[in-house]
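An overview of the molecular structure
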Amino acid sequence: MSRQIDRRAFLRRGAAGAAAMAVGPGLLAACSTDEPASDRKTGPGSSPRSGGTLRAAFVGGGASETLDFFNGPSALDLVRARAWHGTLGNLDPSGPDGVRYGVLKGIDIADDLSAYTLHVRPGVRFTDGSELTAADVLHSLSALAANSKLPVYRLAAANFDLAHARADGDLKVVLPTLRPIADGRMILCQGNFLVVKDGTKNFRKGMPSCGPFRLTEFTAGQGAAFERYDDHYGHVPRLDGLELRSIADSTARAGALTGGEIDFAHDLSPVTARTLGDKGNVELVPTESPYLVGLSFQMNMKAKPFDDPRVREAFKLAVDRQAMVDTVFYGNAEVGNDLPSIGFPDYAEGLPQRAHDPERARALLKEAGAEGMKVALTTGPETPGMVEMATLFVEDLKKVGVRTSVRELPAGQLYADFPAYAALPLAGSYQMPIPALSTYQMSTAGGSPSAFGWKESATDTLVAKARAESDQAEARKLGTQAQRTRWEEGNQVLPVFKPNLNAQAKGVRGIRDDLFEQFPGFSQASLA
Amino acid sequence: MSLIAFVGRRLMGAAVLLVVLSAAIFAATAVLPGDAVSAVAGMDASDAQRAEVRAELGLDRPVAERYADWVAGAVRGDLGRGFVGERPVTDVLATRLPNSLLLAGLTLAVTAPLAALLGLWTGLRGGGADRFVSTAAQVLAAVPEFVIAALLVAVLAVWLELLPRVSVIPLGGTPLDVPHALILPVLTLSAVGLAVATRLLRVSAADVAATPYIEAARLNGVRGVRLAVRHILPNAAGPAVQALTLTTGALVGSAVVVENVFDYPGIGRELQLAVAARDIPMVQGIATALAGVMLLVLLTGDICARLLDARKGHQR
Amino acid sequence: MTTVLTPWARRTRTGGLGTPRRHRPPLLIGAGTLLVLLFALAGPLVAPHSPTAQLAAPFQQPDGRFLLGTDVLGRDVGSRVLSGGRTIVLTALAGTAAAGVVGITAGVLAALASRRLGDLLLRCVDALAVLPALLVVLVLAAGFPGSHTALVASVALATVPFSTRVLRAAADTVLSSGYVEAALARGDTRWAVLRHDVLPNIAGPALTDTALRLVASLHLTATAGFLGLGPGGATPDWGRMVSENVPGATLAATPFLAPALLLVLLSVCVGLLAGRLADTVGRGAG
């Protein structure tokens, strides 16, 4: 059975290769990096078997779970969608252009950075037999993603003029940019731009899909079941089937894993992950950079004394980052350097790691006349670790003479009252993994309310210039310069990047190979 | 008045009460600080985007107008869609409410007979057994629910490994498909209800046992179990029935702790998430449904009380 | 004094078929309760370390420095346990008192008023009972985050319907007994009847009801802490401590067991006291 699949996939790859050669050499430069046959080789000793059903559990979203992933707010909605639908591409540091393409063969950038041309891979079939064309990509981007309320899809609308996007024949989509950007491939191939059939309005079981699995069952708030889609354009899954379950409580998820009821548990709390340490049948597989969530504290520059850069620096020096990593996350986290998006290609390079220097912090506060200042730190349990870190930060601040305490709001409240949030002097926050310069433009540039008073048009301009620079080395230099300003004078204390603490049964392999670790994919997974 | 007339009047009263309560809930959620815009648009949305989302969700219209719209829809059976994820509220109720009802019902089914047994036995016997059982009942009633839940998990699931820590329900199925998933939640919830009902029954049973009516029955040769069940129980059950109805009705919506610890797909957790996200249609729909359930349960309890009264009347 | 007895005096509490029951004043339970209450209220004064400072690695086993080990964030469990009862006890007491006052007033008023008005009042209070208690707690906690008062109010609101019903029934029975009518006929004012006849006779059930509600309030407050509502942040709170440390129970048992056991002890003592009071009052004369 497996050989049959290999052969079909091989033939298709061959056909695609031939088509590419027929179209012209220019396209070869942007040719897809289809998985080479060598990755089918099994590791020494063990040979992952074909077949079986992998059961994975996620936090889920309760009643708000939906098949419409353009409006589904929980992580599980996107994981489900990734298994079900084809993607434009994923970030892959080892791939050409830094991406691994999905239903695309490549992306061309116009010389003046005014338009991006997406080349559709021919021969991608939906489950209803029809072929994926440019119209489908266009619809997914300009109709569905553009109208999505979710923050993650705003990246497309913020960078591209989706209203004027058009299909050029069956296999080309032209996206004009809103302003010149050179890193558009990184935006489009984030991993969450999935493609559905042109004209799709309703999302339901049985709709045509082109992802590695076919949806067979869905109960919102409970889970979904999939079976392998044998006609998948890319890597046909080794698994026979897939089950994605919702289990809200972290210890319950871990309990289901150790009890053998599931094979993969997503995003466990740090304490729960720690208790799995001595269980022989499971292993911890935390996500790796850049798929880390930054946990930060924002200082409101409109509130005295945070308008004084010395006070801001004092706060950044006062925090004991390593203690946070060790105490809250038991070492399963990375120290942050007060800048978001660590690990992305456009993250600042060469900046020294800020030290933990309470003496200097105290001196700076004295110099600024803010000795003994009083401030409350407001936060909430929006993501695990936020409240714990705030508790430790408050203790660190007390050690440099600041009079402070934690004001904890019930879950959901921190951002629900946004005007109140934007007025807080010192607030907890978190950053999702999105490329550094795009993060800056979306949430900090132009005096956005979530910038907490940071308004530096010089830095904004520099960031825009960095993004518009085709020369990668020069772009990186400009980007680093902009981020250095943020690092020196900014109002963000970002001490820790935490991974998603995933755990799997021993013997499960290949989840990481599917990239975009933040929302695990199972097309390359196998059971022991 | 006849039973039918009684039920009819109570149903009408319940309907009026539901309307009043739904208005109160709507007003309360409207006054809460914050709204669902951040949950839907994300925290780094621009002001323009927020305004757009606010208009889409209808949050820029006056409260009274929104409530009137909701009532108009509710009467037709359309409870609207949640703000977050846009799922129809009736869908959520249809899938989660039966699970909570099942849990409450099973808890009642376990508590009532056990309470009758223990209450009658200790109330009629007295002495050492009485003291022991009543003390044990009081101790059990005093332990907070989440402590019971944690202890049950620690002992039965982790230490003795008799039951799985969490039971994954097959897709598209109900908790009934995995009966052993119900054991721990029902045990936890029964603990308190059992204690209260046992104590009430014990007291009433002892009272009734001292009445002349029972003396007469005893003199007539009725004794033992027959005496207890056919003569004492109907007369003594009144207050216990009242208490059990109140606790069972409240259980449907308030089993949040159990739902969290055992990952039981009930409605309490949905309410918690909805309030956190300020998802007004969802809060409105769930809260009104829970109030409706409570009213029905209270009505059932009152009907039982009336039937018991009727029996009492006959026997006197 | 007439021979008409109130229900509470009517019950002879023969505990079985005619055998008189032993009755001991609940000294042991009362002393135990007082001790735990003292521990909860005065504990913060004797805590050896700061209850909020991070002092060591998390989930350390008990040793010389930390008698009960450290909790999830490396804080001293002993100090936190000493400081964690005050909020719960004070909030529960305040909520119970508030609900008690409202309950007695409403109950007596309902009994004093005409039948129809009384029923109406009861229906209004019932409306409160029909409202899901969880919703009340969540909404109040969301509306006034971190506020003790909000928690007290939600606890009181959740327990008022129960006491109103009970006390109305009690007051009703007293009022319908012959001697109240006689007193009124004698010319005593309603107020005097209230003071001298009604209130003393419902004191018994009121006391029992209060004790029962105190247990319920303790539970509600602790559960709110467990769910992460109520005054949060680093404020030690037994319910919150259980919820924070339960996931790490396999790493160290004391951080979760100590507050759990204290909660149980407190609730059990108050609960047993309530039970004994119920028995005592049941035997009391009218």
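Residues numbered from 1 in each chain as written. Chains lettered and ligands numbered in written order. Predicted model: local features only at pLDDT ≥ 70, side-chain atom pairs only at ≥ 80, totals over all residues.

Describing the overall build of chain C
Stated formally: Going along the chain from the N terminus, every DSSP run of H or I of four or more residues is numbered as a helix, and every run of E of two or more is numbered as a strand. Here a residue counts as buried when 20 or more other C-beta atoms fall within 10 Å of its C-beta, as exposed when 12 or fewer do, and as partly exposed in between; the C-beta atoms come from the backbone. Here, residue contact means that the backbone-derived C-beta atoms of the two residues sit within 7 Å.
When helices and strands are tallied, chain C shows eleven helices and zero strands. Looking at chain C as a whole, 56% of its 286 residues are labelled buried. A fraction of 72% describes how many contacts in chain C between residues 6 or more apart in sequence connect residues 24 or more apart.

Some points on the overall build of chain B
Scanning chain B for helices and strands turns up 13 helices and zero strands. For chain B, the α and β elements follow one another from N to C terminus as α-α-α-α-α-α-α-α-α-α-α-α-α. In terms of principal-axis extent, the alpha carbons of chain B reach across some 85 × 55 × 35 Å. For chain B, buried positions account for 47% of its 316 residues. By sequence separation, contacts in chain B at least 24 residues apart represent 74% of the contacts at least 6 residues apart.

Quick look at the packing of helix H4 (residues 85-112) of chain C against helix H7 (residues 148-176) of chain C
All names here are of chain C. Spelled out, the test is: To define axes, lines are fitted to C-alpha atoms, for helices over the stretch in contact only, and angles between the resulting N-to-C directions are given on a 0 to 180 degree scale. By the definition used in this description, the sense in which the near helix is turned from the far one sets the handedness, with an anticlockwise turn below a right angle giving left-handed and a clockwise turn giving right-handed. All residues other than Ala, Val, Leu, Ile, Met, Phe, Trp, Tyr, Cys, Pro, Asp, Glu, Lys and Arg, Gly among them, are scored as polar; the first ten of these are nonpolar and the last four charged.
One can describe the packing of H4 onto H7 by two numbers: an axis separation of 6 Å at closest approach and a directional angle of 35°. Considering only the axes of H4 and H7, their crossing is right-handed. Class assignment for the residues of the contact of H4 with H7 results in 18 nonpolar, nine polar and two charged.

Looking at the interface of chain A and chain B
Between chain A and chain B, the contact holds 43 residues from the first and 40 residues from the second. Within the residue set of the side of chain A that touches chain B, elements represented by two or more residues are strand E10 (213-219), strand E11 (223-228), helix H7 (250-258), helix H13 (413-416), helix H14 (418-422) and helix H15 (436-444) of chain A. Taken together, the residues of the side of chain A that touches chain B break down into 19 nonpolar, 17 polar and seven charged.

Some words on the sheet that holds strand E21 (residues 501-505) of chain A
Residues and elements named next belong to chain A. Formally: Two strands qualify as a pair provided DSSP detects at least 2 bridges between them.
Strand order in the open sheet formed by seven strands is E10-E11-E12-E1-E13-E21-E14, with mixed pairing between adjacent strands. Taken across any chain shown, the strands that pair with only one partner, and hence form the sheet edges, are E10 and strand E14 (282-284). Strand-to-strand twist across the sheet, computed as the mean angle between neighbouring axes with direction ignored, equals 20°. Two elements, strand E13 (residues 264-268) and E21, share three bridges in a ladder whose sense is antiparallel. In the strand pairing of E21, Leu-268 is matched with Leu-501. In the packing of helix H3 (residues 75-84) onto the sheet, contacts are made with strand E1 (53-58), E10, E11 and strand E12 (241-246), and the angle to E12 comes to roughly 170°. Helix-sheet contacts for H7 involve E1, E13, E14 and E21, and the interaxial angle to E13 is about 155°.

Considerations on the nonpolar core
Our working definition: To count as a nonpolar core, a set of buried Ala, Val, Leu, Ile, Met, Phe, Trp, Tyr and Cys residues must be joined through C-beta atoms within 7 Å.
By size, the foremost hydrophobic cluster in this structure holds 328 residues, and its most contacted members are Ile-286 of chain B together with Val-242 of chain C. No other element matches helix H8 (residues 180-209) of chain B, which puts 16 residues into this core. Every residue in contact with Ile-286 of chain B, bar those within four places of it in the chain, is listed here: Leu-93, Ile-267, Glu-270, Leu-271 and Ala-274 of chain B.

Structural notes on helix H10 (residues 321-329) of chain A
Residues and elements named next belong to chain A. Three or more residues of H10 are buried, namely Arg-321, Met-324, Val-325, Thr-327, Val-328 and Phe-329. Buried residues along H10 sit in contact with helix H8 (270-275), strand E16 (334-335), helix H12 (386-399) and strand E20 (492-499). Where H10 terminates, the next one or two residues include Tyr-330, which has phi positive at roughly 50°.

Quick look at the interface of chain A and chain C
Taken residue by residue, the interface counts 21 residues in chain A and 20 residues in chain C. Elements that contribute at least two residues to the side of chain A that touches chain C include exactly H7, H8, H12 and strand E18 (403-408) of chain A. For the side of chain A that touches chain C, a count of residues per class yields seven nonpolar, nine polar and five charged.

What about the confidence of the model for chain C?
Residue and element names in this part refer to chain C. Let me state the cut-off plainly: Confidence scores here are pLDDT values: one per residue, from the predictor, ranging 0 to 100.
Predicted confidence across chain C gives a mean pLDDT of 75, with 85% of residues reaching 70 or more. Put simply, helix H1 (residues 7-10) is where chain C has its lowest mean pLDDT, 36, and helix H3 (residues 77-83) is where it has its highest, 89. Interface confidence in the predicted complex, given as ipTM, is 0.76; pTM for the same model is 0.80.

So, the pairing of strand E8 (residues 172-176) of chain A
Residues and elements named next belong to chain A. Residues Val-173 and Leu-175 point to one face of E8 and are all buried, whereas Lys-172, Val-174 and Pro-176, pointing to the other face, are not buried. Alignment of strand E6 (residues 115-120) against E8, held across five bridges, turns out to be antiparallel. Its bridge partner being in E8, His-119 is matched across the sheet by Lys-172. As judged from the two bridges shared by strand E7 (residues 166-167) and E8, these two strands associate in the antiparallel manner. Residue pairing across strands places Arg-166 opposite Val-174, the latter belonging to E8. Where E7 folds back on E8, the antiparallel hairpin that results is connected by four residues, among which Gly-169 adopts a positive phi of roughly 80°.

Re helix H4 (residues 134-147) of chain A
Residue and element names in this part refer to chain A. Inclusion rule: Expected span, for any helix, means 1.5 Å times one less than how many residues it has. Two axes define the bend at a residue: one fitted to the seven residues ending there, one fitted to the seven starting there, and the bend is the angle between them.
The terminal C-alpha atoms of H4, which comprises 14 residues, lie 19 Å apart, in line with the 20 Å expected from a rise of 1.5 Å per residue. The sharpest bend along H4 reaches about 25° and sits at Ser-140. All of the buried residues along H4 are Ala-134, Asp-136, Val-137, Leu-138, Ser-140, Leu-141, Ser-142, Leu-144 and Ala-145. Where H4 is buried, its residues contact E6, helix H5 (154-159), E7, E8 and strand E9 (194-195).

Some thoughts on the sheet that holds E7 of chain A
If you walk across this open sheet you meet the four strands as E5-E6-E8-E7 (chain A), and the pairing is antiparallel. Two strands close off the open sheet at either side, each with one partner strand: strand E5 (104-109) and E7 of chain A.

Concerning the packing of H4 of chain C against helix H9 (residues 190-226) of chain C
For any two helices packed against each other, one specifies the crossing angle of their axes together with the interaxial distance. Residue and element names in this part refer to chain C. Where H4 contacts H9, the two axes come as close as 8 Å, and the packing angle between them is 140°. For the element pair H4 and H9, the recorded crossing hand is right-handed. Contact with H4, carried on its side by Ile-88, Thr-91, Ala-92, Gly-95, Thr-96, Ala-99, Gly-100, Ile-104 and Val-108, involves Val-198, Ala-206, Thr-210, Arg-213, Leu-214, Ser-217, Leu-218, Thr-221 and Ala-222 of H9 and no other residues of that element. Tallied by class, residues from the contact of H4 with H9 come to ten nonpolar, seven polar and one charged.

Observations regarding the pairing of strand E15 (residues 292-299) of chain A
Residue and element names in this part refer to chain A. Within E15, eight of the eight residues are buried, which leaves it mostly tucked inside the rest of the structure. Side chains of E15 alternate between two faces, with Leu-292, Gly-294, Ser-296 and Gln-298 and Val-293, Leu-295, Phe-297 and Met-299 buried alike. Relative to strand E19 (residues 426-431), E15 is paired through six bridges, and the arrangement is antiparallel. Counterpart to Gln-298 in the pairing with E19 is Ala-427.

A closer look at the environment of Thr-235 of chain C
Its place among the elements puts Thr-235 of chain C in the loop between H9 and helix H10 (238-245). Counting along the chain gives 184 residues from Thr-235 of chain C to Pro-51 of chain C, while the straight-line C-alpha distance between them is 8.2 Å.

Remarks on the environment of Ala-45 of chain B
Mapped onto the elements of the fold, Ala-45 of chain B is located in the loop between helix H2 (37-41) and helix H3 (47-57). Residue classification places Ala-45 of chain B among the buried positions, given that 24 C-beta atoms sit within 10 Å. Aside from chain neighbours lying at most four places away, what touches Ala-45 of chain B is Pro-151 of chain A together with Arg-50 of chain B.

Considerations on unusual backbone geometry
Residues and elements named next belong to chain A. Looking along the chain, the bond that leaves Ser-289 and enters Pro-290 is cis, with omega of 5°. One can find Pro-290 in the loop between E14 and E15. Cis peptide bonds are those with omega within 30 degrees of zero, and the linkage from Lys-304 to Pro-305 qualifies with -5°. You can see Pro-305 is positioned in the loop between E15 and helix H9 (309-318). Backbone geometry places Asp-97, a non-glycine residue, at a positive phi of 65°.

Quick notes on the confidence of the model for chain B
Parts of the model with low pLDDT should not have their predicted coordinates read in detail. On average, chain B scores 81 in pLDDT, and the residues at 70 or more come to 97%. No element of chain B has a lower mean pLDDT than helix H10 (residues 224-254) of chain B, which averages 75, and none a higher one than helix H4 (residues 63-76) of chain B, which averages 88.

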